[in-house]
Amino acid sequence: MSDWLTPGLAHIWLPYSQMATTPTPLPVVATQGVRIRLADGRELIDGISSWWTACHGYNHPHIRAAVERQLATLPHVMFAGLVHEPALRLAQRLAALLPGDLERVFFTESGSVAVEVALKMAIQYWRNKGRAEKKRIVHFRHAYHGDTFATMALCDPEEGMHALFAGSMPDQIMAELPTDESLRHAFDLLLATHGERLAAVIIEPLVQGAGGMKMHDAATLAFVAESCRRHGVLLIVDEIMTGFGRTGRMFACEEANELTSIVPDIVCLSKALTGGTLPLAATVARRHVFEAFLSDDPSAALMHGPTYMANPLACAAANASLDLFEREPRLTQVAAIEAQLKAELATCRELAGVAAVRVKGAIGAVELAGTVDLDGLRRRCAELGVWVRPFGKVVYLMPPFVIDSADLSVLTSAVCRVLAERAAGL
Ligand SMILES: *Cc1c(COP(=O)(O)O)cnc(C)c1O
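Residues numbered from 1 in each chain as written. Predicted model: local features only at pLDDT ≥ 70, side-chain atom pairs only at ≥ 80, totals over all residues. Heavy atoms only, no water.

Caption draft 1: Local environment of the pattern of salt bridges. Within this structure, the stated rule accounts for 26 salt bridges. As a salt-bridge pair, Arg-249 and Glu-258 come within 2.6 Å of each other at their nearest N and O atoms. Of the charged contacts in the structure, one is a salt bridge between Arg-417 and Glu-421, with a shortest N-O distance of 3.3 Å. Of this pair, Arg-417 and Glu-421 both sit in helix α14 (residues 405-423), 4 residues apart, roughly one helical turn. Judged by relative accessible area, Glu-421 falls into the buried class, the value being 15%. By sharing partners, the salt bridges in this structure join Arg-379, Arg-380, Glu-383, Arg-417 and Glu-421 into a single network. (Salt bridge = Lys/Arg side-chain N within 4 Å of Asp/Glu carboxyl O. Helix = DSSP H or I, 4+ residues; strand = E, 2+ residues; numbered from the N terminus. Buried < 20%, exposed > 50% of the residue type's maximum accessible area, 1.4 Å probe, protein only.)

Caption draft 2: Region of the structure containing the sheet that holds strand β13 (residues 354-360). Across the sheet, 3 strands lie side by side as β13-β14-β16; this open sheet has antiparallel pairing. Lying at the two open borders of the sheet, with one neighbouring strand each, are β13 and β16 (394-397). Going across the sheet, the axis of each strand differs from the next one's by a mean of 15 degrees, ignoring polarity. Where strand β14 (residues 363-368) and β16 come together, 4 bridges link them in antiparallel fashion. Within the sheet, the bridge partner assigned to Gly-364 lies in β16 and is Leu-397. Sheet strands touched by helix α12 (residues 330-345): β13, β14 and β16. Its angle to β13, the strand with the most contacts, is close to 165 degrees. (Pairing = 2+ DSSP bridges. Axes fitted to C-alpha atoms, helices over the stretch in contact; angles between N-to-C directions. Contact = heavy atoms within 4.5 Å.)

Caption draft 3: Quick peek at the domain arrangement of the protein. Domain assignment breaks the protein into domain 1 (5-56 + 328-425) and domain 2 (75-325). Domain 1 and domain 2 are separated by 27 Å when their C-alpha centres are compared. Both sides of the domain 1 and domain 2 interface together cover about 2300 Å² of buried area, and 66% of this is carbon and sulfur. Of all residues in domain 1, the largest losses of buried area upon contact with domain 2 belong to Trp-52, His-56 and Lys-360, amounting jointly to 28% of the total for that side. (Domains from an automatic or database assignment. Buried area = accessible area lost by both parts, 1.4 Å probe.)

Caption draft 4: The arrangement of the site of the ligand in detail. Taken together, the neighbourhood of the ligand is formed by Trp-52, Ser-110, Gly-111, Ser-112, Tyr-144, His-145, Gly-146, Glu-204, Asp-238, Ile-240, Met-241 and Lys-271. Between Ser-112 and the ligand, the recorded distance is 2.6 Å, taken from a side-chain N or O atom to an oxygen atom. Here an oxygen atom of the ligand sits 2.7 Å away from a polar atom, N or O, in the side chain of Lys-271. In the shell around the ligand, the residues fall into 4 nonpolar, 5 polar and 3 charged. (Near = heavy atom within 4 Å. Polar contact = N/O pair within 3.5 Å; in protein donor to acceptor, adjacent residues only side chain to side chain. Nonpolar A, V, L, I, M, F, W, Y, C, P; charged D, E, K, R; others polar.)

Caption draft 5: Structural context of helix α9 (residues 253-260). Taking burial as the measure, the 8 residues of α9 include 6 buried ones, the bulk of the element. Of the positions making up α9, those classed as buried are Cys-253, Glu-254, Glu-255, Ala-256, Asn-257 and Thr-260. Those residues of α9 hidden inside the fold are in contact with α4 (85-97), α8 (218-230), β10 (234-238) and β13. Two residues or fewer after α9 comes Ser-261, characterised by a positive phi angle close to 60 degrees.

This is how it looks when you write it as structure tokens:
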């Protein structure tokens, strides 16, 4: 191990890390099921599914076999002027799974880029309709939509991690989530006042992830959708974290769709799309959005095309992941995880320094008060055999859906124990 770790670390720049003080990362040699094996032989139970991706656990034989088959015949080919079966099958399957006429799929390789494409679609949609002045975007407090420049401008400007770049990002409009009557009134007024200049509203449905694991109900999401329709503003639903079962339905927006039957105009997918195996993202548009780009005018076309878009290996992995959602009882597993998280995280609620406990689907979050020693919490959990990565003031669990109840109890008891130690000032 020492032949690659120390020399290599001298050349690596780690994500979201102050490199002067960040603890040495743990060297991983293998993964299996819900476990990460370290170079020293220890195993950690993954409480966060590798940044919310590995919904079927690691090394699922069905996904591995699909990728191996694909690797032997067509690992990659450019996607302009050429198409292939894995991408076309996947597009068809995503369209069938998503509500309404969300039926045109544009593939990219990361969530941030999927959001960028959604923004381009929304702004150009209005331009193509002769409404070029409709180009600003409304986002919500506590939102997170990515780390690229256009998406940074849609993250929470104060609590998000991008305040530093304030002057160099496009200027967008932040709203409060309309969770009560007066906020609903204010939101509706915002769209009524600025609607003429607004291209779209973007929202993370039901759970705002990296902005703090904040949760809202389906009625709030339905209200946002209705308000957008009333005021002629497109609705972009960022399902990058919530998509593929995480909140209890295949897509979180289904819960609001049952209340209003309103279908989002554009949906962004990534994270669990390939079951945590290969990078892939998709921006899916409704028929009317796509049709606004059909024209004799060449400048009406969507000018975007990542070099590796629709990579066949990633599409094969995503198709295999969707097979698993069909064959295995994933949503039932999510419901069981939800019940267990609710029962076992409830004990944290009484601890000093705990502000709130929230659970939705296979997401359990404990929000802390006071200063939080993130590195200390992470280290203690690893000592207890658990891989978690609390951020800001939130310790959260988002386990693979295949986790059994004994392993899930290991995760919840480690979190409760570490927070009890913190409360006791140990
Ligand atoms: C992770 C995430 C993104 C960004 O995805 P990347 O693949 O990291 O670029 C965007 N939106 C939401 C809601 C996310 O959770």
